[in-house]
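Close look at the chain arrangement
Here are the chains, one letter per residue:
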Amino acid sequence: MLKEYLQQSKADIESYLSSVLESPNTEYARLYDSMNYSLLMGGKRIRPIITKAVIESLGGSWDAYKDVVCAIELIHTYSLIHDDLPAMDNDDYRRGKLTNHRVYGDGMAILAGDGLLTYAFELVSKHTTLSAEQVVQIIHVLAKGAGPSGMVGGQAFDLQSEGKFLPLDELVVLHKGKTGALFTAAVEIGLIIMEATTSVREAYLRYADHLGLLFQITDDILDVVGTQEELGKTPGSDERQHKATYVSILGLDTAKERAQEVANLALTALHDSNCTSPVLEGLVQYLMDRTQ
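Definitions and cut-offs
- Residues numbered from 1 in each chain as written.
- Predicted model: local features only at pLDDT ≥ 70, side-chain atom pairs only at ≥ 80, totals over all residues.
- Heavy atoms only, no water.
- Helix = DSSP H or I, 4+ residues; strand = E, 2+ residues; numbered from the N terminus.
- Rg over C-alpha atoms; globule rule 2.2 N^0.38 Å.
- Contact = heavy atoms within 4.5 Å.
- Areas by Shrake-Rupley, 256 points an atom, 1.4 Å probe, with all protein chains shown as cover.
- Lys, Arg positive; Asp, Glu negative; His and termini not counted.
- Charge placed at Lys NZ, Arg CZ, Asp CG, Glu CD.
- Patch = residues over 30% accessible without salt bridge, like charges linked within 9 Å, V, L, I, M, F, W, Y side chains within 5 Å.
- Salt bridge = Lys/Arg side-chain N within 4 Å of Asp/Glu carboxyl O.
- Polar contact = N/O pair within 3.5 Å; in protein donor to acceptor, adjacent residues only side chain to side chain.
- Axes fitted to C-alpha atoms, helices over the stretch in contact; angles between N-to-C directions.
- Parallel < 35°, antiparallel > 145°, perpendicular 65-115°, else oblique.
- Left-handed = near helix turned anticlockwise from the far one by under 90°.
- Nonpolar A, V, L, I, M, F, W, Y, C, P; charged D, E, K, R; others polar.

Broken down by element type, the chain carries 15 helices and 2 strands. The globule rule puts the C-alpha radius of gyration for 292 residues at 19 Å, and the 18 Å found for the chain is close to it. Principal-axis analysis of the C-alpha atoms gives the chain an extent of 55 × 50 × 35 Å. For the chain, restricting intrachain contacts to residue pairs at least 6 apart in sequence, the fraction spanning at least 24 positions comes to 73%. By element, 52% of the accessible surface of the chain is carried by carbon and sulfur atoms, the whole surface being about 13,000 Å². Charge separation in the chain, taken as the distance between the mean sites of 25 positive and 40 negative side-chain charges, equals 2 Å.

So, in C-alpha coordinates, the structure goes:
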(Lines give C-alpha, C1' and ligand atoms only; values in the text may rest on other atoms or scores of the structure.)
Protein backbone atom coordinates (compact mmCIF):
# COMPACT_ATOMS: atom_id res chain seq x y z
CA MET A 1 0.00 0.00 0.00
CA LEU A 2 2.73 2.47 0.94
CA LYS A 3 4.54 1.99 -2.37
CA GLU A 4 1.39 2.83 -4.31
CA TYR A 5 0.64 5.78 -2.03
CA LEU A 6 4.12 7.22 -2.51
CA GLN A 7 3.98 6.75 -6.28
CA GLN A 8 0.55 8.37 -6.61
CA SER A 9 1.42 11.23 -4.26
CA LYS A 10 4.68 11.85 -6.10
CA ALA A 11 2.80 11.95 -9.42
CA ASP A 12 0.20 14.36 -8.02
CA ILE A 13 2.87 16.65 -6.57
CA GLU A 14 4.90 16.64 -9.79
CA SER A 15 1.78 17.39 -11.81
CA TYR A 16 1.25 20.50 -9.68
CA LEU A 17 4.93 21.50 -9.76
CA SER A 18 5.01 21.29 -13.56
CA SER A 19 2.53 24.18 -13.72
CA VAL A 20 4.04 26.44 -11.08
CA LEU A 21 6.89 28.22 -12.87
CA GLU A 22 6.25 30.02 -16.14
CA SER A 23 8.41 32.89 -17.35
CA PRO A 24 6.53 36.21 -17.62
CA ASN A 25 8.57 37.19 -20.68
CA THR A 26 11.23 35.88 -23.08
CA GLU A 27 13.97 37.85 -21.32
CA TYR A 28 13.67 35.76 -18.15
CA ALA A 29 13.13 32.45 -19.94
CA ARG A 30 16.59 31.02 -19.27
CA LEU A 31 16.25 31.68 -15.55
CA TYR A 32 12.91 29.86 -15.49
CA ASP A 33 14.37 27.04 -17.58
CA SER A 34 17.13 26.67 -14.98
CA MET A 35 14.64 26.70 -12.11
CA ASN A 36 12.41 24.11 -13.80
CA TYR A 37 15.40 21.98 -14.76
CA SER A 38 16.08 21.18 -11.12
CA LEU A 39 12.52 21.41 -9.81
CA LEU A 40 11.24 18.86 -12.34
CA MET A 41 14.30 16.60 -12.19
CA GLY A 42 12.45 14.05 -10.06
CA GLY A 43 13.37 12.89 -6.59
CA LYS A 44 11.37 11.36 -3.78
CA ARG A 45 9.23 14.46 -2.99
CA ILE A 46 9.33 13.19 0.58
CA ARG A 47 8.79 16.58 2.27
CA PRO A 48 5.51 17.54 0.56
CA ILE A 49 4.40 13.91 0.86
CA ILE A 50 4.93 14.15 4.62
CA THR A 51 2.78 17.29 4.79
CA LYS A 52 0.09 15.62 2.68
CA ALA A 53 0.15 12.54 4.91
CA VAL A 54 -0.13 14.63 8.08
CA ILE A 55 -3.18 16.43 6.69
CA GLU A 56 -4.80 13.12 5.75
CA SER A 57 -3.94 11.48 9.08
CA LEU A 58 -5.93 14.21 10.81
CA GLY A 59 -8.96 13.75 8.58
CA GLY A 60 -8.29 16.37 5.92
CA SER A 61 -7.61 16.50 2.18
CA TRP A 62 -4.68 18.26 0.57
CA ASP A 63 -6.58 19.30 -2.56
CA ALA A 64 -7.22 22.87 -1.43
CA TYR A 65 -3.67 23.34 -0.15
CA LYS A 66 -1.43 22.12 -2.98
CA ASP A 67 0.36 25.46 -3.27
CA VAL A 68 1.18 25.53 0.45
CA VAL A 69 2.14 21.84 0.56
CA CYS A 70 4.43 22.05 -2.47
CA ALA A 71 6.17 25.31 -1.50
CA ILE A 72 8.59 23.34 0.67
CA GLU A 73 9.76 21.39 -2.39
CA LEU A 74 10.83 24.65 -4.05
CA ILE A 75 12.90 25.44 -0.96
CA HIS A 76 14.39 21.95 -0.90
CA THR A 77 15.29 22.19 -4.60
CA TYR A 78 16.97 25.56 -4.09
CA SER A 79 19.09 24.03 -1.34
CA LEU A 80 20.18 21.19 -3.63
CA ILE A 81 21.20 23.58 -6.41
CA HIS A 82 23.34 25.60 -4.02
CA ASP A 83 24.69 22.47 -2.29
CA ASP A 84 26.03 21.18 -5.62
CA LEU A 85 27.94 24.38 -6.46
CA PRO A 86 31.77 24.32 -6.62
CA ALA A 87 31.98 26.47 -3.49
CA MET A 88 29.88 23.94 -1.58
CA ASP A 89 29.91 20.19 -2.38
CA ASN A 90 31.13 20.60 -5.98
CA ASP A 91 28.98 17.76 -7.35
CA ASP A 92 28.56 17.02 -11.05
CA TYR A 93 25.47 14.82 -10.85
CA ARG A 94 22.13 15.01 -9.08
CA ARG A 95 19.36 12.44 -9.57
CA GLY A 96 21.28 10.90 -12.44
CA LYS A 97 21.57 14.15 -14.39
CA LEU A 98 24.15 16.91 -14.62
CA THR A 99 23.80 19.40 -11.77
CA ASN A 100 22.31 22.79 -12.49
CA HIS A 101 25.57 24.71 -12.59
CA ARG A 102 27.07 22.19 -15.00
CA VAL A 103 24.25 22.95 -17.44
CA TYR A 104 23.50 26.64 -16.84
CA GLY A 105 26.70 27.93 -15.23
CA ASP A 106 27.43 28.94 -11.66
CA GLY A 107 25.81 32.37 -11.83
CA MET A 108 22.52 31.21 -13.28
CA ALA A 109 22.41 28.27 -10.86
CA ILE A 110 22.77 30.65 -7.92
CA LEU A 111 19.96 32.82 -9.29
CA ALA A 112 17.76 29.78 -9.96
CA GLY A 113 18.16 28.79 -6.32
CA ASP A 114 17.38 32.34 -5.21
CA GLY A 115 14.29 32.34 -7.42
CA LEU A 116 12.97 29.05 -6.07
CA LEU A 117 13.48 30.10 -2.47
CA THR A 118 11.69 33.42 -2.82
CA TYR A 119 8.90 32.08 -5.04
CA ALA A 120 8.05 29.51 -2.37
CA PHE A 121 7.02 32.36 -0.08
CA GLU A 122 5.10 34.06 -2.89
CA LEU A 123 3.15 30.83 -3.41
CA VAL A 124 2.17 30.61 0.25
CA SER A 125 1.36 34.32 0.56
CA LYS A 126 -1.10 34.12 -2.38
CA HIS A 127 -3.08 31.29 -0.76
CA THR A 128 -6.70 32.21 0.02
CA THR A 129 -8.39 29.15 1.60
CA LEU A 130 -6.58 29.27 4.94
CA SER A 131 -6.97 32.15 7.36
CA ALA A 132 -4.48 35.01 7.25
CA GLU A 133 -3.18 33.88 10.65
CA GLN A 134 -2.52 30.36 9.35
CA VAL A 135 -0.74 31.71 6.27
CA VAL A 136 1.52 33.87 8.45
CA GLN A 137 2.25 30.88 10.71
CA ILE A 138 3.23 28.76 7.71
CA ILE A 139 5.47 31.50 6.31
CA HIS A 140 7.14 31.72 9.72
CA VAL A 141 7.64 27.94 9.88
CA LEU A 142 9.15 27.82 6.39
CA ALA A 143 11.42 30.81 7.02
CA LYS A 144 12.65 29.41 10.33
CA GLY A 145 13.17 25.92 8.91
CA ALA A 146 15.07 27.17 5.86
CA GLY A 147 16.93 30.02 7.55
CA PRO A 148 20.00 30.64 9.70
CA SER A 149 18.59 28.87 12.75
CA GLY A 150 17.57 25.90 10.59
CA MET A 151 18.81 24.52 7.28
CA VAL A 152 21.22 27.33 6.41
CA GLY A 153 22.70 27.25 9.89
CA GLY A 154 23.29 23.52 9.56
CA GLN A 155 24.88 23.99 6.15
CA ALA A 156 27.19 26.69 7.51
CA PHE A 157 28.25 24.46 10.40
CA ASP A 158 28.81 21.66 7.87
CA LEU A 159 31.17 23.88 5.86
CA GLN A 160 33.05 24.91 9.01
CA SER A 161 33.40 21.29 10.07
CA GLU A 162 35.02 19.87 6.93
CA GLY A 163 38.24 18.07 7.79
CA LYS A 164 37.54 18.25 11.53
CA PHE A 165 36.50 15.63 14.04
CA LEU A 166 33.03 16.27 15.40
CA PRO A 167 31.72 14.63 18.56
CA LEU A 168 28.37 12.95 18.07
CA ASP A 169 26.39 15.62 19.92
CA GLU A 170 27.69 18.31 17.56
CA LEU A 171 26.91 16.15 14.53
CA VAL A 172 23.33 15.86 15.78
CA VAL A 173 23.12 19.67 16.01
CA LEU A 174 24.49 19.96 12.47
CA HIS A 175 21.95 17.59 10.98
CA LYS A 176 18.99 18.86 13.00
CA GLY A 177 19.58 22.08 11.09
CA LYS A 178 20.81 20.91 7.71
CA THR A 179 18.31 18.10 7.23
CA GLY A 180 15.90 17.91 10.15
CA ALA A 181 14.61 21.49 10.05
CA LEU A 182 12.70 21.04 6.80
CA PHE A 183 11.29 17.69 7.94
CA THR A 184 9.96 19.44 11.04
CA ALA A 185 8.56 22.24 8.88
CA ALA A 186 6.84 19.70 6.61
CA VAL A 187 5.04 18.16 9.58
CA GLU A 188 4.26 21.48 11.24
CA ILE A 189 2.65 22.92 8.09
CA GLY A 190 0.20 20.01 8.07
CA LEU A 191 -0.55 20.60 11.75
CA ILE A 192 -1.23 24.29 11.14
CA ILE A 193 -3.54 23.53 8.22
CA MET A 194 -5.51 21.04 10.33
CA GLU A 195 -5.43 23.20 13.49
CA ALA A 196 -4.19 20.26 15.53
CA THR A 197 -4.47 20.19 19.31
CA THR A 198 -1.44 20.87 21.49
CA SER A 199 -0.98 17.22 22.47
CA VAL A 200 -1.14 16.04 18.86
CA ARG A 201 1.27 18.79 17.78
CA GLU A 202 3.80 17.79 20.43
CA ALA A 203 3.71 14.11 19.47
CA TYR A 204 3.87 14.79 15.73
CA LEU A 205 6.78 17.18 16.14
CA ARG A 206 8.71 14.55 18.11
CA TYR A 207 8.00 12.19 15.22
CA ALA A 208 9.32 14.81 12.79
CA ASP A 209 12.49 15.29 14.81
CA HIS A 210 13.26 11.56 14.75
CA LEU A 211 12.26 11.18 11.10
CA GLY A 212 14.66 13.90 10.01
CA LEU A 213 17.49 12.32 11.97
CA LEU A 214 16.66 8.91 10.52
CA PHE A 215 16.80 10.33 7.00
CA GLN A 216 20.27 11.74 7.64
CA ILE A 217 21.68 8.59 9.23
CA THR A 218 20.44 6.46 6.34
CA ASP A 219 21.77 9.08 3.90
CA ASP A 220 25.22 8.76 5.48
CA ILE A 221 24.99 4.97 5.22
CA LEU A 222 23.97 5.13 1.55
CA ASP A 223 26.91 7.42 0.78
CA VAL A 224 29.12 4.48 1.81
CA VAL A 225 27.20 1.46 0.50
CA GLY A 226 25.17 2.92 -2.38
CA THR A 227 26.05 2.96 -6.08
CA GLN A 228 25.88 5.85 -8.53
CA GLU A 229 23.09 4.06 -10.39
CA GLU A 230 21.00 3.77 -7.22
CA LEU A 231 21.78 7.19 -5.78
CA GLY A 232 21.74 9.23 -8.99
CA LYS A 233 24.89 10.97 -7.75
CA THR A 234 28.47 10.05 -7.05
CA PRO A 235 28.75 8.07 -3.78
CA GLY A 236 31.60 8.63 -1.33
CA SER A 237 31.38 12.44 -1.49
CA ASP A 238 31.36 12.76 2.32
CA GLU A 239 34.65 10.89 2.62
CA ARG A 240 36.27 12.83 -0.22
CA GLN A 241 35.37 16.10 1.46
CA HIS A 242 36.45 14.81 4.89
CA LYS A 243 32.99 15.39 6.38
CA ALA A 244 31.93 13.98 9.71
CA THR A 245 29.08 11.49 9.32
CA TYR A 246 27.34 8.94 11.48
CA VAL A 247 29.33 6.26 9.68
CA SER A 248 32.69 7.96 10.16
CA ILE A 249 32.01 8.51 13.87
CA LEU A 250 30.14 5.34 14.79
CA GLY A 251 31.20 2.87 12.11
CA LEU A 252 28.83 1.32 9.57
CA ASP A 253 27.30 -1.37 11.80
CA THR A 254 26.71 0.93 14.76
CA ALA A 255 25.25 3.59 12.44
CA LYS A 256 22.75 1.00 11.23
CA GLU A 257 21.88 0.13 14.84
CA ARG A 258 21.43 3.82 15.64
CA ALA A 259 19.12 4.18 12.65
CA GLN A 260 16.91 1.41 14.01
CA GLU A 261 16.84 3.05 17.46
CA VAL A 262 15.76 6.37 15.95
CA ALA A 263 13.14 4.61 13.80
CA ASN A 264 11.65 3.08 16.95
CA LEU A 265 11.55 6.50 18.64
CA ALA A 266 9.70 7.95 15.64
CA LEU A 267 7.08 5.21 15.82
CA THR A 268 6.68 5.67 19.58
CA ALA A 269 6.08 9.41 19.11
CA LEU A 270 3.47 8.69 16.45
CA HIS A 271 1.67 6.21 18.69
CA ASP A 272 1.67 8.81 21.49
CA SER A 273 -0.46 11.07 19.28
CA ASN A 274 -3.32 8.51 19.32
CA CYS A 275 -3.73 9.15 15.60
CA THR A 276 -3.64 6.16 13.28
CA SER A 277 -1.61 6.71 10.11
CA PRO A 278 -0.29 3.69 8.22
CA VAL A 279 1.43 6.10 5.82
CA LEU A 280 3.37 8.02 8.48
CA GLU A 281 4.29 4.73 10.15
CA GLY A 282 5.28 3.24 6.80
CA LEU A 283 7.52 6.20 6.01
CA VAL A 284 9.75 5.18 8.90
CA GLN A 285 10.41 1.75 7.41
CA TYR A 286 10.65 3.29 3.95
CA LEU A 287 13.58 5.40 5.13
CA MET A 288 15.17 2.34 6.74
CA ASP A 289 14.91 0.35 3.50
CA ARG A 290 15.64 3.04 0.91
CA THR A 291 18.46 2.67 -1.61
CA GLN A 292 18.46 6.27 -2.93
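What follows picks up the thread again.
On the surface, a cluster of nonpolar side chains totalling about 210 Å² of accessible area is made up of Tyr93, Leu98 and Val103. If you trace the backbone, tyrosine 93 turns up in strand β1 (residues 93-94).

Residue placement: histidine 127 occurs in the loop between α6 (106-125) and α7 (132-146). Within the local environment of histidine 127, its side chain forms a polar contact with the side chain of aspartate 67, the two groups lying 3.0 Å apart. Apart from the residues within four sequence positions on either side, histidine 127 is in contact with Ala64, Tyr65, Asp67, Val68 and Val135.

Here the focus is the side chain of serine 9. You can see serine 9 is positioned in helix α1 (residues 2-17). Leave out the neighbours within four places in its chain, and serine 9 touches Ile49 and Lys52.

One can describe the packing of helix α4 (residues 66-83) onto helix α8 (residues 151-160) by two numbers: an axis separation of 12 Å at closest approach and a directional angle of 15°. If you check the angle between α4 and α8, you find them roughly parallel. At the point where α4 passes α8, the crossing takes the right-handed sense. Here Ile75, Tyr78, Ser79 and Asp83 of α4 lie close against α8, whose contacting residues are Met151, Val152 and Gln155. Along the lines of polarity and charge, the residues of the contact of α4 with α8 split into 4 nonpolar, 2 polar and 1 charged.

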